[in-house]
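Examination of the molecular architecture
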Amino acid sequence: MRIFSLLIVFLISCAASASTELDERINQYVKGFSLSALEKIEDTNPKLTNLGKRLFQDKTLSLAGDVSCLTCHKPEFGMAEPIPLSLGTGATGNGNQRQIGSGEIVPRNTPSLVNKGHPGIFRMYWDSRVLWHPRELHFITPVEELNGDYPEYFEIVDALDGPLAAQALFPLISKKEMLGSGFENLSPKEIWDIITARVLQNEDYRQAFEKIFPSDNINIGHIASAIAHFEKITFQRTDTRYDQYLRGDSSALSIKEKKGLLVFAEEGRCIRCHMGANLTNQVLHNIVVPPLGPGMDGRGHDRGAYEHDRRDHMKYRFVVTPLRGIKDTAPYFHNGSALTLEEVIDHYNHPFRSIDNFLATNINKIYKSTYNGPLMVDRTPYRLFAIKESASPIISPLNLNSEQKDQLFAFLLAL
């Protein structure tokens, strides 16, 4: 019995020593790549939060009248949507039961809203078509009148509380997302004005806005800022086991998860892009994701940031996303072409083989009724060559073994 007890003590001591050694190695990357726990944003304006919550759930903001922000950003799915490509107005059902109905496929996966209101996040959407320029301090958006130092729609810009609020403006004017058909003759400003008038016809909304913004003429910017404030306060993930570990609780991560963090930093090379407090450097990269779905042109082509920024080096580039809560936000990538985190890891492990071998058989089996048929897979050799040829320099096979992949997966679940 005494020998058994001594053996247990010895094994515990060895495990503690191994864990300490891992902590020391990890600390080098914590310092070198500015990894830090994410601090919770306290709610200093609960009335605005409550107003934003009501607007977030209100189908009044859709001129089609059948969707709200909540339709595609589901709390139970990490504030994203559990289908590869989003379905907006005209679709039926909810969550993973959603079906296309009379709607159209939105050509990209619904981005998660988790921590998108935190300081340092300045790019919105997969292709960064909405951003707050961090140096020049003005917006860049698809609506020119919102952009620059002296925007024509200055009343809206003055009411916008950062890039998350600016992002909230654009699903409202998207035919496939929230707008619907029959409004093609209206400008974005005209649509926003109609929505604002609709909202202010509600006496409760009108009084709430007057109390919160007593000296302002309420416009769509105030509505978007209320929604963004609710999202910023409510959709935070700041106390993950990873955050607890960075705050000094070395027991918050298991030995396997710590080894996974080191794979994340070393063999996996993830940390070169997923760094800092938000686990993203917000750079745009082409990671050679297989083409899936109708694409931006309806023929399977999605050239990423190049769709709005016609510089050649922007082809097929998408923003590096934050990672907290990633276990809840499947499917992955800008087009939902990876159904699981294991598939994401496999893609990075052999990216060029991944795009060459992609068939979407399983995706189309699972989501056949969602889209009333199979999603398009572009197998055109020229198209695949173009994607691979413009791959970001950071993209090359990782050659992780099964144990390393398993450790990396375990770490990602702790985020």
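Refer to the preceding data block for the structure.
For the structure given in this document, a descriptive report is provided here. The structure displayed is predicted, hence computed values, not measured ones. (Residues numbered from 1 in each chain as written. Predicted model: local features only at pLDDT ≥ 70, side-chain atom pairs only at ≥ 80, totals over all residues. Heavy atoms only, no water.)

**Looking at the packing of helix α11 (residues 255–265) against helix α17 (residues 402–413)**
As a reminder, the rule being used: Here an axis means a line fitted to C-alpha atoms, over the contact stretch when the element is a helix, while the angle between two N-to-C directions is reported on a 0 to 180 degree scale. Where helices and strands are cited, they refer to DSSP runs of H or I of at least four residues and of E of at least two residues respectively, numbered from the N terminus. Just so you know how the angles are binned, under 35 degrees is roughly parallel, over 145 roughly antiparallel, 65 to 115 roughly perpendicular, and the rest oblique. Two residues qualify as a contact provided that any one of their heavy atoms is within 4.5 Å of a heavy atom in the partner residue. Side-chain classes follow a simple rule in which Ala, Val, Leu, Ile, Met, Phe, Trp, Tyr, Cys and Pro form the nonpolar group, Asp, Glu, Lys and Arg form the charged group, and the remainder, Gly included, forms the polar group.
Direction vectors running N to C along α11 and α17 enclose 105°, while the axes themselves pass 7 Å from each other. Relative to α17, the element α11 is oriented roughly perpendicular. Contacts from Lys256, Glu257, Lys259, Gly260, Leu261, Val263 and Phe264 of α11 reach α17 at Gln404, Asp406, Gln407, Leu408, Ala410, Phe411 and Leu412. Residue classes in the contact of α11 with α17 are distributed as 7 nonpolar, 3 polar and 4 charged.

**A few points about the nonpolar core**
For soluble globular proteins, the rule of thumb is that nonpolar side chains tend to be buried together. Our working definition: Residues belong to one nonpolar core when they are buried, are Ala, Val, Leu, Ile, Met, Phe, Trp, Tyr or Cys, and are joined through side-chain atoms within 4.5 Å. Residue burial is assigned from relative accessible area. The probe radius is 1.4 Å, only protein chains are included, and a residue is buried under 20% of its type maximum, exposed over 50%, and partly exposed in between.
Leu51, Leu55, Leu61, Leu146, Leu169 and Trp192 are the most contacted members of the largest nonpolar core, which totals 50 residues. Among the secondary structure elements, those contributing two or more residues to this core are α2 (46–56), α4 (154–159), α5 (163–168), α6 (175–179), α7 (188–201), α8 (203–212) and α9 (220–234). The element contributing the most residues to this core is α9, with 7 residues. Excluding residues within four positions of it along the chain, Leu51 makes contact with Tyr205, Ala208, Phe209, Ile212 and Ala226. Judged by nonpolar contacts, the second largest core, of 43 residues, contains Phe264, Cys270, Leu323 and Ile345.

**Re empty space enclosed by the protein**
Applicable threshold: The way it works is a 1 Å grid over only the protein atoms, where trapped points that fit a 1.4 Å probe form a cavity and open points with protein on both sides within 12 Å along at least five of seven lines form a pocket, and then any residue with an atom within 4 Å of a point lines it. Grid points are joined across faces, edges and corners, and a volume is the space filled by probe spheres set on the points.
All chains considered together, the criterion is met by 4 cavities of 30 Å³ or more. Size it by volume and the largest cavity reaches roughly 890 Å³. Ranked by residue count, the leading element in the lining of the largest cavity is helix α12 (residues 341–349), at 4 residues. In terms of residue class, the lining of the largest cavity is built from 29 nonpolar, 12 polar and 4 charged.

**Here's the deal with the packing of aromatic side chains**
Rule in force here: Here is the rule: rings of Phe, Tyr and Trp (six-membered ring for Trp) pair when centre to centre is within 6.5 Å. Planes less than 30 degrees apart are stacked, more than 60 are edge-to-face, and the remainder are tilted. The rule is short: NZ of Lys or CZ of Arg within 6 Å of the ring centre and within 35 degrees of the ring normal puts a charge over the ring.
The tally for this structure, following the rule as stated, stands at 10 aromatic pairs. Arranged with centres 6.3 Å apart and planes meeting at 25°, the rings of Tyr29 and Phe33 form a pair that is stacked. Judged by its relative accessible area of 24%, Phe33 is partly exposed. For the ring pair Phe333 and Tyr348, a centre distance of 6.2 Å and an interplane angle of 70° mean the geometry is edge-to-face. On the criterion of sequence distance, the pair formed by Phe333 in the loop between β5 (318–319) and α12 and Tyr348 in helix α12 is long-range, its members being 15 residues apart. Taken together, Phe56, Phe230 and Phe235 form an aromatic cluster joined through their ring pairs. Across from the ring centre of Tyr153, 5.8 Å away, lies the NZ or CZ of Lys189, which sits over that ring. If you follow Lys315 out to its NZ or CZ, it ends over the ring of Tyr306, 5.1 Å from the centre.

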